[in-house]
Every structure is written in structure tokens, then in C-alpha cells.
Amino acid sequence: MLFAKKKINKNPKFTFIDLFAGIGGFRLALEELGGKCVFSSEIDTECAKTYASNFGEYPSGDITKIKTTEIPKHTILCGGFPCQPFSISGKMKGFDDTRGTLFFNILEIIKDKHPEIIFLENVKHLKDHNNKKTLKTIIKHLEDLNYQTEWHLLNAKDFGLAQNRERIIIVGHKIKRFDFSKIKKEKNRTIEEIMDSKGNFEYLKPEEYTILPKSKWKTQLSGLIFCGYRNKSIRVNGTRPNTEHLSRVHKQPNRIYSIKGTHPTLPSQETSGRFWIYDGKKVRKLTLNECFKLQGFPEDFQKMSSVGACYNQIGNAVAVPMIKGVASQILLQLK
Ligand SMILES: C[S@@+](CC[C@H](N)C(=O)[O-])C[C@H]1O[C@@H](n2cnc3c(N)ncnc32)[C@H](O)[C@@H]1O
């Protein structure tokens, strides 16, 4: 069953494919720039339902089961692929073997379709994964296919969002090297600026938290303002006198952040998806709607799954304005 009308772009500026599509963060950004999606793939049925309800077509399923001949030619190959270790069995040939990984499937599509541009996104941790070998192998394989490949860490908060979310972006092109320094940045917003005035808010009771005196609030480089913690039971055994409260603070879900700053990265593995925020009077969590705003999704985006699955989907998604910021520079520099 489809829920939305598919957008028909009769005069596209470029075509793209949406691999590991999730709920379509790449698609939102690239369609806004005049692109036409000619193929998408997503294995998770709940994500696929959300995708269909917003874009009017179900993505194809498991990319490992799809023949490259089923994928149309396209200008930009997009994908936020899961990060997996590569086998060292290719070492003899001078590179790690990517067979059996999802990056291998991306390479197979590139070899067959020769897209002009490769545009990949991943977690910050990819940079250091397996002693930095994973990223090196990815770059080497793309360069071996004659793509001039550059990577950079970008932060969602530098694209007008109220979230500290660092991600690695990889851009490859047949002829030119992409210059990340030309990407236009925009000042971050604060949590306060994206908060809903009404909603099903989940508050903590006053006895369940401690707000530190303002002189002790810590504004971090990331824009987060740590201002208190939950009064969870504390570990006393083995702790130095007067430092007992630190055991609360060390656990990130126990920390409380001021709405005058940014929100920590929305996690992808948890269904609870958010941290505690202090609005000057009370402590609550962000609503699902506010989480979608933290990622720059439009207000009318259809949320089709259970609340838990939706938190998971939005935590896994890309920050749309960040992808749009990179994509618009890609079009300027490489097209
Ligand atoms: C990091 S998420 C990408 C989210 C997406 N960029 C967005 O904005 O929503 C990776 C996605 O890859 C999907 N995936 C994992 N293995 C896959 C496979 N074999 N074929 C297709 N999709 C797969 C997961 O279900 C997940 O939704």
C-alpha cells in the first residue's frame, strides 16, 4: 500500500540512487536540489513503509540480492552504509578484502554503472575503525576504480541544526577532487528554538534530578550545555569522598542539558532516542516530533511505525540540511 503520491520530476537536473535508504534522508535533500531518484534499496520493512508513505514508492529490498543489471544508470550514487570490518585475506594483493561486506556491493554497482559521483555517509567512528584500516581500504578501492576521493568530518550543528552530530562524508569523482572547505556553513540553532509548545511531554519529578548552580554549568565546544543530572542511585563503594555524584554524571543518559545549547547526537541503537533537557523550570525529554526537527526533516514528514521504531529510524537517519549542504557544493564543483 502506498500513502504518498510519487513526485514526478520531468526535468531533473541530475539522477541519483538511494542505497541503504532508511527513511530517505538523502532523498529529501537531493530531491530539493532538483534530483530524480531512479532506484532505492532498504532491507528493513518498517523503514520501507515510512519511505513509501513519504515518497510514493517502496524501495527494493536487500542490496546483496539485487543484480547490478536491475539498477539504472545514474549521476550520483548515495548511501549511508553500515560499517563492517574487512577481511585481511586480500592483504597479499596489497589491500583488505571487502567481499561479503555491504561496501563490496557498492563497489559492484560502481564497476557496472560508472556513476559520475559517489556520495557516502558514515559514523564518525569509521575514521578509526580497525586501526584506521577500514577507511583506508574504502578510499583505496574507490581510487583503484579511478575516483578522486576525499573525506571529511562534518557536524550537523554547522548546518543550522540544534544537534551535535559528527559524521564522516566521502565524495568521489572521476576527474576532480571535491573541496570540502567550500561548503557553506550556517550557525547552529539551540534546542529552545525547535521545541514544540504543545505535546505529550515526559517530565521528571523535581526529586528525580539535580540542577547545578549556573556558575557550574559547562558549555562544551560541541555547543552542549551540561547543567545537571538525574538522582539515580550512586556508586559509593570504591569512590573518593565528595566525588560520589560523578558516577551519575559519567553515564550519558543521566546527564541533563540546557535548552540554551545543542542536543547530543540522537542515538541509533536505542528506542528511547533522546536525553534529558532543562527548560529553566522543568526537566523533560524531547518528543518524537522534536527529534525529527533535530535532523532537519520537514514538519509534514509521515511517521508510520511504532514510537520506538520511529526513534530508531530518526537516530539512524542523516541530518538532511548537512546532506543538502554537501550536495549543493557537489553540484557546483563537480557537475
Ligand atoms: C545508517 S542507516 C541509513 C539511513 C538513511 N541514510 C536515512 O537517512 O534514513 C543504514 C540502513 O541500511 C539498511 N541496510 C542494512 N543492510 C542492508 C541491505 N543488505 N540491503 C539494504 N539495506 C540494508 C538498514 O536497514 C538501515 O536502514
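Preceding block: the structure.
Before going into details, it helps to say that this report is about the structure given with it. Computed from a predicted model, the values in this text were never measured in an experiment. (Residues numbered from 1 in each chain as written. Predicted model: local features only at pLDDT ≥ 70, side-chain atom pairs only at ≥ 80, totals over all residues. Heavy atoms only, no water.)

Focus: the site of the ligand
So, step 1. Around the ligand sit 19 residues in total, of which Ile23, Gly25, Glu42, Asp62 and Ile63 are the nearest.
So, step 2. At 3.1 Å from an oxygen atom of the ligand is found a main-chain nitrogen or oxygen belonging to Gly25.
So, step 3. Contact between the ligand and Glu42: an oxygen atom at 2.5 Å from a side-chain N or O atom of the residue.
So, step 4. Protein chains shield 86% of the accessible area of the ligand, which is 600 Å² for the free molecule.
So, step 5. Taken together, the residues of the shell around the ligand break down into nine nonpolar, seven polar and three charged. (Near = heavy atom within 4 Å. Polar contact = N/O pair within 3.5 Å; in protein donor to acceptor, adjacent residues only side chain to side chain. Areas by Shrake-Rupley, 256 points an atom, 1.4 Å probe, with all protein chains shown as cover. Nonpolar A, V, L, I, M, F, W, Y, C, P; charged D, E, K, R; others polar.)

Some details on the packing of aromatic side chains
So, step 1. With the rule as written, the count across this model stands at eleven aromatic pairs.
So, step 2. Look at Phe226 and Tyr257: their rings are 6.4 Å apart centre to centre, the planes differ by 70 degrees, and that puts the pair in the edge-to-face class. Taken together, the residues span a long stretch of sequence, with Phe226 in strand β9 (residues 225–230) and Tyr257 in strand β10 (residues 255–258) at a distance of 31 residues. A single burial state applies to Phe226 and to Tyr257, both of which are buried.
So, step 3. Between Phe292 and Phe297 the ring centres are 5.6 Å apart and the planes differ by 85 degrees, which places this aromatic pair in the edge-to-face class. As far as the burial class goes, Phe292 and Phe297 line up, both buried.
So, step 4. In this structure, Arg284 packs its charged tip against the face of Phe201, placed 3.8 Å from the ring centre.
So, step 5. Here Lys303 stacks its cationic end above the ring of Phe292, 4.8 Å away from the centre of that ring. (Phe/Tyr/Trp six-rings, centres within 6.5 Å; stacked < 30°, edge-to-face > 60°. Helix = DSSP H or I, 4+ residues; strand = E, 2+ residues; numbered from the N terminus. Buried < 20%, exposed > 50% of the residue type's maximum accessible area, 1.4 Å probe, protein only. Lys NZ or Arg CZ within 6 Å of the ring centre and 35° of its normal.)

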